[in-house]
Amino acid sequence: MIRDDLRRILEEAVAQAQASGDLPEIASPDVMVERPSSGSHGDYASPVALKLARAARMSPMAIAGAITAKLEPPPWVAAVDVAPPGFLNFYIAPHWLAQQVEAILAAGSDFARVDVGGGRPVQVEFVSANPTGPLHVGNGRGAALGDSLARVLDKAGYQVQREYYVNDAGSQMEMFNASVYARYAQHLGAAEELPAGGYPGEYVSDIAAAIAETNGRRFLEMDPSDAKVALGRLGVEMLLDQIREDLALMDVHYDRWFREQSLYDNRKVDQALQMLSEGGHVVEREGAVWFASASLGDERDNVLVRSNGLPTYFASDVAYHYDKFIERGFDTVIDVLGADHQGHVPRMKAVVGALGVESHRLVMLIYQLVNLVRQGRPVAMGKRSGEFVTLREVLGEVGPDAARFFLVGRSPDAMMEFDLDLAKAQSDVNPVYYVQYAHARMAGILRHAEGTDFRDGDPTLLSDPSELTLIRKMLELPEIVADAALALEPHPLPHYAQELATEFHTFYDRCRVIGDDPDLTKARLKLVAACQVALATTLDLIGVGAPDQM
RNA sequence: GCCCCCGUAGCUCAGUGGACAGAGCAUCGGACUUCUAAUCCGUUGGUCGGCGGUUCGAAUCCGCCCGGGGGUGCCA
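### Focus: the overall build of chain A
Turning to step 1, where the next piece is worked out: Check the secondary structure of chain A and you find 20 helices and 14 strands.
Turning to step 2, where the next piece is worked out: When the backbone C-alpha atoms are referred to their principal axes, chain A occupies close to 85 × 60 × 40 Å.
Turning to step 3, where the next piece is worked out: For chain A, buried positions account for 51% of its 550 residues.
Turning to step 4, where the next piece is worked out: In chain A, the proportion of contacts linking residues at least 24 apart, taken out of those at least 6 apart, comes to 73%.
Turning to step 5, where the next piece is worked out: Here chain A contributes 50 positively and 77 negatively charged side chains, and the mean placements of these two sets differ by 1 Å.

Below, the structure written as structure tokens:
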């Protein structure tokens, strides 16, 4: 990565200047190298001299001069400027820049692979919506965010595992069981009311009807409480199949679907509570069992076992995270959660600490909720309210690629307003099509040049400003990947994809690829092929398709 | 009340304490006999919610206020 190489070179120069006495021996801050916003400030720039000014008691310009005097720039750096008030500006040699086309082509699908993770095992758990109803757009945001993050981490050298936690136990499940039972009985003509607090959604009736089709009346002839459990299980499996299909539409696939119920079946919940108890983190009060999180930084204690003897969701989550960290040995665990779960964060951080795991190894990544809007009016959401627009409907309306591009591209911290009519109306001017069109154009050119062997093309013939600008943009991708992996934020990728597409379209407009000059044609074909690698790589990280024609 | 997130162009949003704050859409004006015009070039558009503070330097960090969203002792 160019940026890291420059950083090392600068650090070395600072050390040299200090050794020779040109700079005082002060603790130097992290040397920053960035891409200047203005093209007139070089390809890369560092404000390190400005940072050092105060501690060194020298003017930034003098420091910059002292650093450049010791700087040993590699051949690919064409020039280093000092610009007031003290910036160091680096200019990359165009000749070297052009040669990088070969490097990108050679890397192929490994382009932009960087080693941030060092092979450490990381788990990304995301979506994990209760299997008591279909997915909605908010779940779609979690899916897009979690999956793209997993793709980025994989690219950045982590060993990534994607997991969906299936909440198939607990009180919500009992309510779901009873709801399916009621609809099932109603479907077969029995007088059975949906219980108070039950799931009123029409899909429950659909599930019940489907079960009645294949199983007949046999669940009415069983003990009702057994029947509820049995029907609920069938219903959960049907919904999980739907959820799997919805996620597959978005090209989201998991390594493991982890059942909450398994933690009860294997007595892992009991063991986890026992462990917390032995650590002195459990208190009994008002007939309930509490996790003493108030003494570990949380605002208050949290209930593990209700006064009615039933464990809470929190209790099984303790066991779940014990399993993640201790039994499966993940170095870092990332839980992607909607903002409505933010109250879960402090107590889970406290729990992993109580289990002897450094709490920074658990990252609770919170994304703000999605407000679905139709014709300027908010659409009511929530499985328990019964009426909502499903993720599948949204994917059908705006398309999976547009939805993912949109969902990945927003900062998780920013609230999102998803206007269905707007999304539909803008579908043909959606940035995702602009980007995909760039890829299709590249493929079209290469298709047109079939039969032309350009393996011996010489990229150093590329000298048009639009060509060099395009190459610079391509070489930015490894930096974007590294930053996204470190910050756990994939949202710069769609932004970058658009910039890359823009530079390509500009190049296309300025430069005829297949022309009269056979050498230049070959060089440009190489550029197009390399650019296709860069763009396809980017689109893959976002999780949208890279079409060869549109 | 307390805790978390947000407030940047008409709209949707980018913007690791650095150089004159950016992109897309929308507006307006140009460019196709071409490897795809789903494109390109130009134009209009800003008290970065407000007021203080820290700093050589603040959209970015801190405090207070205003506005929006979420959470808040036995739901998940």
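From this point, the narrative continues.
### Remarks on helix α2 (residues 48-56)
Turning to step 1, where the next piece is worked out: Among all positions of α2, only V48, A49, L52, A53 and A56 are buried. Buried residues of α2 fall within an arc of 145 degrees about the axis and therefore sit on the same side.
Turning to step 2, where the next piece is worked out: Next to the buried residues of α2 lie β1 (44-46), α3 (60-70) and β3 (87-92).

### A short note on the side chain of Q18
Turning to step 1, where the next piece is worked out: Looking at where Q18 falls in the secondary structure, it is placed in helix α1 (residues 2-19).
Turning to step 2, where the next piece is worked out: Dropping the residues within four chain positions of it, Q18 is found in contact with L23, P24, E25 and I26.

### Section: the protein's contact with RNA strand B
Turning to step 1, where the next piece is worked out: Near RNA strand B there are 63 residues, and of these R54, R306, Q342, Y437 and R441 occur at the shortest range.
Turning to step 2, where the next piece is worked out: A share of 66% is what sugar and phosphate atoms reach among the atoms of RNA strand B within 4 Å of the protein.
Turning to step 3, where the next piece is worked out: At 3.0 Å, a backbone N or O of S307 approaches a base oxygen of RNA strand B.
Turning to step 4, where the next piece is worked out: In this structure, D413 approaches RNA strand B through a main-chain N or O atom, which is 2.4 Å from a sugar or linking oxygen.
Turning to step 5, where the next piece is worked out: For the surface near RNA strand B, the secondary structure elements donating two or more residues are α2, β3, α6 (171-187), β8 (288-291), β14 (416-419), α16 (431-448) and α19 (492-510).
Turning to step 6, where the next piece is worked out: Broken down by element, the surface near RNA strand B gets its largest block of residues, seven residues, from α16.
Turning to step 7, where the next piece is worked out: Considering only residue class, the surface near RNA strand B consists of 24 nonpolar, 23 polar and 16 charged.

### Brief notes about the sheet that holds strand β6 (residues 256-259)
Turning to step 1, where the next piece is worked out: Read from one edge to the other, the open sheet built from five strands follows the order β6-β5-β4-β10-β11, with strand pairing classed as parallel. Edge strands, defined here as strands with exactly one partner in the open sheet, are β6 and β11 (362-367). Ignoring which end each strand starts from, the neighbouring axes of this sheet average 25 degrees apart.

### Quick notes on the pattern of salt bridges
Turning to step 1, where the next piece is worked out: One pass over the structure, following the stated rule, counts 36 salt bridges.
Turning to step 2, where the next piece is worked out: For E163, the salt bridge goes to R328, with nearest N and O atoms at 2.7 Å. Residue E163 is found in strand β5 (residues 159-166), and its partner R328 is found in the loop between α11 (313-327) and β10 (332-338); the two are separated by 165 residues along the sequence.
Turning to step 3, where the next piece is worked out: Taking the relative accessible area as the measure of exposure, E163 reaches 0% and is therefore buried.

### Here we look at the layout of surface pockets
Turning to step 1, where the next piece is worked out: Estimated volume of the second largest pocket: approximately 450 Å³.
Turning to step 2, where the next piece is worked out: Contributing to the lining of the second largest pocket are 20 residues, with D168, A169, G170, M173 and Q261 lying nearest its centre.
Turning to step 3, where the next piece is worked out: Among the elements that line the lining of the second largest pocket, the one with the most residues is helix α8 (residues 224-249), at seven residues.
Turning to step 4, where the next piece is worked out: Here the residues of the lining of the second largest pocket sort into seven nonpolar, six polar and seven charged.
Turning to step 5, where the next piece is worked out: Residues lining the lining of the second largest pocket come from more than one domain, with at least three contributed by each of domain 3 (121-169 + 253-367) and domain 4 (171-247).

### Digging into unusual backbone geometry
For residues that are not glycine, phi is negative in most cases, and the peptide bond is trans in most cases.
Turning to step 1, where the next piece is worked out: In this structure, P85 follows P84 across a cis peptide bond, with omega equal to 5 degrees.
Turning to step 2, where the next piece is worked out: Examined against the element boundaries, P85 turns out to sit in the loop between β2 (77-83) and β3.
Turning to step 3, where the next piece is worked out: Backbone geometry places V127, a non-glycine residue, at a positive phi of 70 degrees.
Turning to step 4, where the next piece is worked out: One can find V127 in the loop between β4 (121-125) and α5 (137-155).
Turning to step 5, where the next piece is worked out: Residue classification places V127 among the buried residues on the basis of a relative accessible area of 11%.

### What to know about the sheet that holds β8
Turning to step 1, where the next piece is worked out: Strand order in this open sheet of three strands is β7-β8-β9, and the pairing throughout is antiparallel. Two strands in the sheet have a free side with no partner beyond their single neighbour: β7 (282-285) and β9 (302-305). Across the sheet, the mean angle separating the axes of adjacent strands is 45 degrees when strand polarity is ignored.
Turning to step 2, where the next piece is worked out: Relative to β9, β8 runs antiparallel, the two sharing three bridges. When the sheet's bridge partners are listed, V289 is paired in β9 with V305.

### A few points about the domain arrangement of chain A
Turning to step 1, where the next piece is worked out: Considered domain by domain, chain A is made up of domain 1 (2-92), domain 2 (97-116 + 428-542), domain 3 (121-169 + 253-367) and domain 4 (171-247).
Turning to step 2, where the next piece is worked out: Just the C-alpha atoms count here: the centres of domain 3 and domain 4 sit 28 Å apart.
Turning to step 3, where the next piece is worked out: In this complex, domain 3 contributes 17 residues to the contact, which on the side of domain 4 involves 15 residues.
Turning to step 4, where the next piece is worked out: Buried surface at the junction of domain 3 and domain 4, both sides included, amounts to about 1,500 Å², of which 68% is carbon and sulfur.
Turning to step 5, where the next piece is worked out: Taken together, domain 3 and domain 4 are joined by one salt bridge.
Turning to step 6, where the next piece is worked out: Residue R259 pairs with E237 through a salt bridge whose shortest N-O separation is 2.9 Å.
Turning to step 7, where the next piece is worked out: Counting the contacts that link domain 3 with domain 4 gives two residue pairs in polar contact (both at pLDDT 80 or more).
Turning to step 8, where the next piece is worked out: Every element with two or more residues in the side of domain 3 that touches domain 4 is listed here: β5 and β6.
Turning to step 9, where the next piece is worked out: Across the side of domain 3 that touches domain 4, the residue classes break down as 10 nonpolar, four polar and three charged.

What counts as what
Residues numbered from 1 in each chain as written. Chains lettered and ligands numbered in written order. Predicted model: local features only at pLDDT ≥ 70, side-chain atom pairs only at ≥ 80, totals over all residues. Heavy atoms only, no water. Helix = DSSP H or I, 4+ residues; strand = E, 2+ residues; numbered from the N terminus. Buried < 20%, exposed > 50% of the residue type's maximum accessible area, 1.4 Å probe, protein only. Contact = heavy atoms within 4.5 Å. Lys, Arg positive; Asp, Glu negative; His and termini not counted. Charge placed at Lys NZ, Arg CZ, Asp CG, Glu CD. Arc of directions from axis to C-beta. Near = heavy atom within 4 Å. Polar contact = N/O pair within 3.5 Å; in protein donor to acceptor, adjacent residues only side chain to side chain. Nonpolar A, V, L, I, M, F, W, Y, C, P; charged D, E, K, R; others polar. Pairing = 2+ DSSP bridges. Axes fitted to C-alpha atoms, helices over the stretch in contact; angles between N-to-C directions. Salt bridge = Lys/Arg side-chain N within 4 Å of Asp/Glu carboxyl O. 1 Å grid on protein atoms, 1.4 Å probe; cavity = no way out; pocket = protein on both sides within 12 Å on 5 of 7 lines; lining within 4 Å. Points joined across faces, edges and corners; volume = space filled by probe spheres on them. Domains from an automatic or database assignment. Buried area = accessible area lost by both parts, 1.4 Å probe.

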